[in-house]
Amino acid sequence: MQPPSFDQRHLLGIEPLRPHEITAILDLADDYVALNRQTEKHSEALAGLTQINMFFENSTRTQASFELAGKRLGADVMNMAMQASSIKKGETLIDTAMTLNAMHPDLLVVRHPHSGAVDLLSQKVNCAVLNAGDGRHEHPTQALLDALTIRRTKGRLHRLNIAICGDIAHSRVARSNLILLGKMENRIRLIGPPTLVPQQFAEFGAEIYDDMREGLKDVDVVMMLRLQKERMDGGFIPSEREYFYRYGLDAEKLALAKPDAIVMHPGPMNRGVEIDGQIADDIKRSVIQEQVEMGVAVRMAAMDLLARNLRNARAEAAG
Amino acid sequence: MTTLFKNARLIDPEAGTDAPGALLVQGGEILACDTSDASGAALLAAHDLRADEIEVLDCRGKCLAPGIVDIGVKVCEPGERHKESYKSAGLAAAAGGVTTIVTRPDTSPAIDSPETLEFVTRRAQVDAPVNVLPMAALTKGREGREMVEIGLMMDAGAVAFTDCDHVVGDTKVFSRALTYARSCGALVIAHPQEPGLSAGAAATSGKFAALRGLPAVSPMAERMGLDRDIALLEMTGAAYHADQITTARALPALERAKANGLDITAGTSIHHLTLNELDVADYRTFFKVKPPLRSEDDRLAVVEAVGSGLIDIISSMHTPQDEESKRLPFEEAAAGAVALETLLPAALRLYHAELLDLPTLFRAMALNPARRLGLASGRLSAGAPADLVLFDPDVPYVMDRFALRSKSKNTPFDTQRMQGRVLATYVAGDAIYRRDV
């Protein structure tokens, strides 16, 4: 295989990546999809390396995906549930980073409730850091797995009409996707109630719709976002049922998209709030299960590439 | 003692002039200044003095201006002396050409009783080489419920009343406090901000905050706060100063209020004049201030308003924070920046950018704040206290935050190129700071 041109020390967001680096991750991830479908799914790419998953926010799916990705590549994986431990004891993020540093991890996977916290952490540790979601800022591996899913089902990752629907304002998934899909030259529509869609995103080239029916016309991809329970209390939208009525994806609204449009969702879904259960389960339209599968492969690819750069950098430093 | 400052470039904000001249100081006061003969010979002759009888300082063409009067300096006594004491703040002020600091009451506990006020006055007298004038809280504990003993506190030396960045949300409480303050002849300083809209905000809403995923406040919140306060001024007739006006949208309201004859003045901070929201870049917490940094359009509008005199006063809004308060994710990090020592060099950026001239800068940093507080300083006229700053506006250097005299080193100008620095600072004719050249 050609050495991929991926020149990053960390994966903190999609923003610092160049288009060919995104392609490098996706190409390698394709190989890992093939590996993961075999009975023997083990590689030695991360053998001898230590991966620590540090989640300052609850997560089942992303953490499991990263854990599985690390284990399949032969890393020693440790999970730390941070919301239960040091934060409660008043330890600062930097102290935590210094403590971890002393354990010599090679890959650090971090999720944190505040935007920018993973950047801050990456400045203080000597290993490769992967952002597993920071506040409302970025969630790069989610955008990459979405991109891989689109590329495999649509056959390309450019010149597509893609609608991102729902709570854009509080969504790091939406931000990373907007940046990634923009870099790959797609047309992006943001659809949602104006209280949940920052109008400033129009300045990044996205088209903004508050009428979902109009927004879904002729799109190739419909990405639904999860509506957090705490946003449903009347502060941002009047009620759950009004939201489903106006912005929930059902068969009637989906019929306005292209006949072969796919439906995506980062999970976990609120059936009957942002998405109709039947659509989520429709194997002709919904690629939600594929997204989960691609997630493991993309994370394997990202960690593999970062580990190669880490090994090279350390070999150079050692002379 | 008599001192002649000769060959100076005199910056006179009252006359609006920037010209070579000489200045004579006697008994801690300015005796006279003269721009017809920079050698000072005419000045000496007029006052029947001989050069060998007095101290003569050759300013070698450097700028001599009234010392800066800085409204809104946070000294962290009582409560957080490790962040800034009267001693360290005094040294920082002296090194920054600030001869009068007007201190904020947002300490812990707040300065809301004559007893706490007396404590800080005593500490200031012992430790600070510059003039220290304390402000007191407007409401007890800065909680916006009960007004403080305004009369007693004025007699104890409070020069103004402010809850600092806490907005008195209850309009009834605020209107009564304004009415009562008026009867005492007290100046009320407020932070114009709509508190509901700005709750939890760490940035100004816009493209940058949207991209960075930071909780943001619309610049409209400042105008709404100012609009409310102006309405209450029409009701009460109180003397009012808006601590920081930082957005273009608030300016027309301010202009109307002044035209309507209300007793209103407005300030802005040096950071809002010289930095914008993009400086935050990758979540750099030293750029987190309150209100948050604004867009470039807002910055330029505010600079223009200082030039026209619509905004009266430039302050450092000196807010010391220790490393621990800043080494946190942006949303959690404390707001504020130290600025006593960087106020003048940063202001000189506006001079070098040819946006504001030196007399205009010193009108906003010395003359207007002194006038607003009824002080005789802030000018070069005869009889004014000899509070002076001698500075070289051109010397270039790179800012090193660890060289600051403040106990806290949280300056956004760290590692930035600056031009201009203070050579000497005088309070009542005495040199309290001299830079070894």
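Scope of this entry: the structure provided in the associated data block. (Residues numbered from 1 in each chain as written. Chains lettered and ligands numbered in written order. Predicted model: local features only at pLDDT ≥ 70, side-chain atom pairs only at ≥ 80, totals over all residues. Heavy atoms only, no water.)

**Observations concerning the overall build of chain A**
When helices and strands are counted, chain A shows 11 helices and 9 strands. In summary, chain A has a C-alpha radius of gyration of 20 Å against a globular reference of 20 Å for 319 residues, a match within 12%. On the principal axes, the C-alpha backbone points of chain A span a range of 60 × 50 × 40 Å. Counting the 319 residues in chain A, one finds 58% classified as buried. Here chain A has roughly 13,500 Å² of accessible surface; of this, 50% comes from carbon and sulfur atoms. (Helix = DSSP H or I, 4+ residues; strand = E, 2+ residues; numbered from the N terminus. Rg over C-alpha atoms; globule rule 2.2 N^0.38 Å. Buried < 20%, exposed > 50% of the residue type's maximum accessible area, 1.4 Å probe, protein only. Areas by Shrake-Rupley, 256 points an atom, 1.4 Å probe, with all protein chains shown as cover.)

**Observations concerning the interface of chain B and chain A**
Contacts between chain B and chain A engage 17 residues on the former and 21 residues on the latter. For the chain B and chain A pair, buried surface summed over both sides reaches about 1,700 Å², with 61% attributable to carbon and sulfur atoms. Connecting chain B to chain A are 1 salt bridge. At the boundary of chain B with chain A, the tally comes to 7 residue pairs in polar contact (both at pLDDT 80 or more). (Contact = heavy atoms within 4.5 Å. Buried area = accessible area lost by both parts, 1.4 Å probe. Salt bridge = Lys/Arg side-chain N within 4 Å of Asp/Glu carboxyl O. Polar contact = N/O pair within 3.5 Å; in protein donor to acceptor, adjacent residues only side chain to side chain.)

**Here's the deal with helix 5 (residues 171-184) of chain B**
Residue and element names in this part refer to chain B. The end-to-end C-alpha distance of helix 5 is 20 Å, a good match for the 20 Å that 14 residues give at a rise of 1.5 Å each. All of the buried residues in helix 5 are Val 173, Phe 174, Ser 175, Ala 177, Leu 178 and Ala 181. In this fold, the buried residues of helix 5 make contact with helix 4 (150-155), strand 10 (187-190), helix 8 (220-236) and strand 13 (239-242). Sitting at the head of helix 5, Asp 170 places a side-chain oxygen 2.9 Å from the backbone nitrogen of Lys 172. (Expected span 1.5 Å × (residues − 1).)

**Description of the side chain of Thr 162 of chain B**
All names here are of chain B. Along the chain, the position of Thr 162 falls in strand 9 (residues 161-162). Looking at Thr 162, its side chain comes within polar contact range of the main-chain nitrogen of Cys 164, at 2.9 Å. At 2.8 Å, the side chain of Thr 162 and the backbone oxygen of Ile 189 are in polar contact. If sequence neighbours within four positions are ignored, Thr 162 has contacts with Pro 105, Met 135, Ala 136, Ala 137, Leu 138, Ile 189 and Ala 190.

**Digging into helix 6 (residues 172-183) of chain A**
All names here are of chain A. Here helix 6 is 12 residues long and its end C-alpha atoms lie 17 Å apart, about the 16 Å a rise of 1.5 Å per residue gives. With 10 of 12 residues buried, helix 6 lies mostly within the body of the structure. Here helix 6 has its buried residues at Arg 172, Val 173, Ala 174, Arg 175, Ser 176, Asn 177, Leu 178, Ile 179, Leu 180 and Leu 181. N-cap assignment for helix 6: the residue whose side-chain oxygen lies 3.2 Å from the backbone N of Val 173 is Ser 171. Of the residues flanking the end of helix 6, it is Glu 185, one or two places downstream, whose phi is positive at about 65°.

**As for the pattern of salt bridges**
Residue and element names in this part refer to chain B. Scanning all chains against the criterion turns up 40 salt bridges over all chains. In this structure, the salt-bridge partner of Arg 123 is Asp 127, at a minimum N-O distance of 2.9 Å. With Arg 123 and Asp 127 both in helix 3 (residues 114-127) and 4 residues apart, this pair spans about one turn of that helix. Look at Asp 127 and you get partly exposed, because its relative accessible area is 22%.

**Some remarks on the packing of aromatic side chains**
Residue and element names in this part refer to chain B. A complete count under the given rule lists 4 aromatic pairs over all chains for this structure. Their ring planes at 85° and their centres at 5.0 Å tell us that Phe 5 and Tyr 426 sit as a pair that is edge-to-face. Separated by 421 residues along the polypeptide, Phe 5 in strand 1 (residues 2-12) and Tyr 426 in strand 17 (residues 417-427) bring together distant segments of the chain. Judged by its relative accessible area of 2%, Phe 5 is buried. The exposure class of Tyr 426 is buried, given its relative accessible area of 4%. (Phe/Tyr/Trp six-rings, centres within 6.5 Å; stacked < 30°, edge-to-face > 60°.)

**As for the environment of Leu 181 of chain A**
Residue and element names in this part refer to chain A. Considering the arrangement of structural elements, one finds Leu 181 in helix 6. Along the chain, Leu 181 and Ala 143 lie 38 residues apart, while their C-alpha atoms are 8.5 Å from each other. If we ignore the near neighbours within four places in the chain, the residues touching Leu 181 are Ile 150, Leu 157, Ile 162, Asn 186, Ile 188 and Met 223.

**Here we look at the sheet that holds strand 4 (residues 128-134) of chain A**
Residues and elements named next belong to chain A. The parallel open sheet is built from 4 strands, whose spatial order is 2-1-3-4. Because the sheet does not close on itself, it has two edges, and the strands there are strand 2 (76-81) and strand 4. Across this sheet, the average inter-strand angle for adjacent strands is 15°, counted without regard to direction. Here helix 11 (residues 288-317) sits on the sheet and contacts strand 1 (50-55), strand 3 (107-112) and strand 4; the angle it forms with strand 4, its principal contact strand, is near 150°. (Pairing = 2+ DSSP bridges. Axes fitted to C-alpha atoms, helices over the stretch in contact; angles between N-to-C directions.)

**Looking at the side chain of Ser 115 of chain A**
Within the secondary structure, Ser 115 of chain A sits in the loop between strand 3 and helix 4 (117-122). Not counting the four nearest positions on each side in its chain, Ser 115 of chain A is found in contact with Asp 134, Gly 135, Arg 136 and His 137 of chain A together with Arg 212, Gly 213, Leu 214, Tyr 283, Phe 330 and Glu 331 of chain B.

**Some words on the pairing of strand 2 of chain A**
Residue and element names in this part refer to chain A. Direction of pairing for strand 1 relative to strand 2: parallel, over a ladder of 6 bridges. Its bridge partner lying in strand 2, Met 54 is registered against Met 80. Between the parallel elements strand 1 and strand 2, the chain passes through helix 2 (residues 61-72) in a crossover that is right-handed. (Right-handed = clockwise from strand over helix to strand, strands pointing away.)

Function-wise, these values are silent; they only describe arrangement.
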